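Observations on the model geometry
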Amino acid sequence: MAGEETQALWLEFGRTHDKALRDRLILTYAPLVKYVAGRLGSGLPTHVDEGDLVSYGLLGLIGAIERYDPTRDVKFETYALARIKGSIIDELRSLDWVPRSVRSRAREIERAIAELEAKLGVAPDDEQIAAKLGISVEELESSLTDISRSSIAALDELWSVSGDGDQVSLLDTIEDTAEPHPAAALDETETREALADAISRLPEREKLVVTLYYYEELTLREIGEVLGVTESRVSQLHTKAILRLKARLAAAAGRV
């Protein structure tokens with residue numbers, strides 16, 4: 001994709017901003033949108049249509065093409081992936097399809113984890129979290145399943161830094177910084193360190209799920225085969241890990 005023809009296309013588009021050249025670049029990089037839509041769609045409820053995700057993602061791709069500076073030492077694919085994902089997630093958020101009760105329970109669990117960690121100094125287990133919430137472990141597991149089915153509980157939503165009208169996920173910022181964006185309460189280095197530290201302190205199985213899903217790009221089903229558990233159990237572990245990370249990052253920023 002980064003061949004001589006594509007590079008020439010970028011240079012000509014940068015000089016003229018010709019719409020026909022932009023359309024050729026959209027066609028060249030359209031597979032990125034399909035990839036991101038498929039990846040996000042695999043964790044969403046069945047009523048969310050992948051075709052809709054693709055259309056949301058295309059808006060992000062177009063914006064990335066129009067803003068990209070080929071003279072910077074950043075691959076376009078890296079730059080575009082953040083904006084494609086951000087565009088899809090922003091649109092899903094605007095549709096507000098996650099039930100209010102599920103959002104509320106997710107916040108309750110996140111708050112309970114944060115308070116228990118501050119008190120205990122270690123990651124609380126399911127029994128401690130459930131006791132803090134005044135529910136049974138079975139009810140906690142059921143809530144985690146509801147959250148995982150209804151929410152894009154992903155690292156992409158953990159922490160957003162914004163600038164110039166864009167919103168970029170923390171994970172993309174860590175992997176390859178397209179341009180410096182000031183974080184609201186932590187600077188970029190502190191934010192990176194806070195996330196790395198938060199992941200390192202996850203319980204082993206949750207840390208493994210995060211690593212396999214986000215860095216090895218296995219599906220939840222494939223992770224279940226590795227761990228010898230059901231896909232729904234992996235989904236619960238994933239959701240719990242995300243809520244722990246959100247609680248720790250909030251605490252690191254002084255928001256808890």
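Here's a quick rundown of the structure. Worth saying up front: this structure is predicted, and the values here are computed from it rather than measured.

Criteria and cut-off values
Residues numbered from 1 in each chain as written. Predicted model: local features only at pLDDT ≥ 70, side-chain atom pairs only at ≥ 80, totals over all residues. Heavy atoms only, no water. Helix = DSSP H or I, 4+ residues; strand = E, 2+ residues; numbered from the N terminus. Buried < 20%, exposed > 50% of the residue type's maximum accessible area, 1.4 Å probe, protein only. Contact = heavy atoms within 4.5 Å. Core = buried A, V, L, I, M, F, W, Y, C linked by side-chain atoms within 4.5 Å. Arc of directions from axis to C-beta. Axes fitted to C-alpha atoms, helices over the stretch in contact; angles between N-to-C directions. Parallel < 35°, antiparallel > 145°, perpendicular 65-115°, else oblique. Left-handed = near helix turned anticlockwise from the far one by under 90°. Nonpolar A, V, L, I, M, F, W, Y, C, P; charged D, E, K, R; others polar. Phe/Tyr/Trp six-rings, centres within 6.5 Å; stacked < 30°, edge-to-face > 60°. Lys NZ or Arg CZ within 6 Å of the ring centre and 35° of its normal.

**A word on the overall build of the protein chain**
The helix and strand inventory of the protein chain stands at twelve helices and two strands. Listing every helix and strand of the protein chain by position from the N terminus yields α-α-α-α-α-α-α-β-β-α-α-α-α-α. Taking all 256 residues of the protein chain together, 45% fall into the buried category. Taking the contacts inside the protein chain whose residues are at least 6 apart along the sequence as the reference set, 64% of them involve residues at least 24 apart.

**A closer look at the environment of Asp69**
Tracing the backbone shows Asp69 in the loop between α3 (50-67) and α4 (76-95). Distance in space between the C-alpha atoms of Asp69 and Tyr79 is 9.9 Å, their sequence separation being ten residues.

**With respect to the nonpolar core**
In terms of nonpolar packing, the biggest core is built from 27 residues, with Trp10, Leu61, Ile65, Phe76, Ile84 and Ile88 touching the most fellow members. Going through the elements one at a time, α1 (4-16), α2 (19-41), α3 and α4 are the ones with two or more residues in this core. No other element matches α2, which puts nine residues into this core. In contact with Leu61, other than residues within four places in its own chain, are Ile26, Tyr29, Ala30, Val33, Phe76, Ala80 and Ile84. Among the nonpolar cores identified, the runner-up in size contains 19 residues, and Ala194, Ile199, Val210 and Leu220 belong to it.

**Some remarks on helix α11 (residues 220-227)**
Along α11, the residues that are buried comprise Leu220, Ile223, Gly224 and Leu227. Each buried residue of α11 sits inside an arc of 105° when the element is viewed along its axis, so together they form one side. Along α11, the residues that are exposed and aim more than 90 degrees away from the buried face are Glu225 and Val226. In the core, the buried residues of α11 are packed alongside α10 (204-215) and α12 (231-252).

**Considering the packing of α2 against α3**
Interhelical geometry of α2 versus α3 gives an angle of 135° and a closest axis separation of 8 Å. With respect to α3, the element α2 is oriented oblique. The hand of the α2/α3 crossing is right-handed. Contacts between α2 and α3 involve Arg22, Leu25, Ile26, Tyr29, Ala30, Val33, Lys34, Ala37, Gly38 and Gly41 on the former and, on the latter, Glu50, Leu53, Val54, Gly57, Leu58, Leu61, Ile62, Ile65 and Glu66. Grouping the amino acids of the contact of α2 with α3 by side-chain chemistry returns twelve nonpolar, three polar and four charged.

**Focus on the packing of aromatic side chains**
One pass over the full model with this rule turns up seven aromatic pairs. Ring geometry for Trp10 versus Phe76: centroids 4.8 Å apart, planes at 55°, classification tilted. One end of the pair, Trp10, is in helix α1; the other, Phe76, is in helix α4, and 66 residues separate them in sequence. Residue Phe76 is classed as buried on the basis of its relative accessible area, which comes to 3%. Relative to Tyr79, the ring of Tyr68 lies with its centre 5.6 Å away and its plane at 45°, an arrangement referred to as tilted. Of this pair, Tyr68 sits in the loop between α3 and α4 while Tyr79 sits in helix α4, and the two are eleven residues apart along the sequence. Members of the aromatic cluster, connected to one another through ring pairs, are Trp10, Phe13, Tyr29, Tyr68, Phe76 and Tyr79. Over the face of the ring belonging to Tyr79 we find Arg83, whose NZ or CZ atom lies 4.0 Å from the ring centre.

**Side note on the environment of Glu91**
Here Glu91 is to be found in helix α4. Classification of Glu91 as partly exposed rests on a relative accessible area of 29%. Through-space distance from the C-alpha of Glu91 to that of Leu53 is 8.7 Å; in sequence the pair is 38 residues apart.

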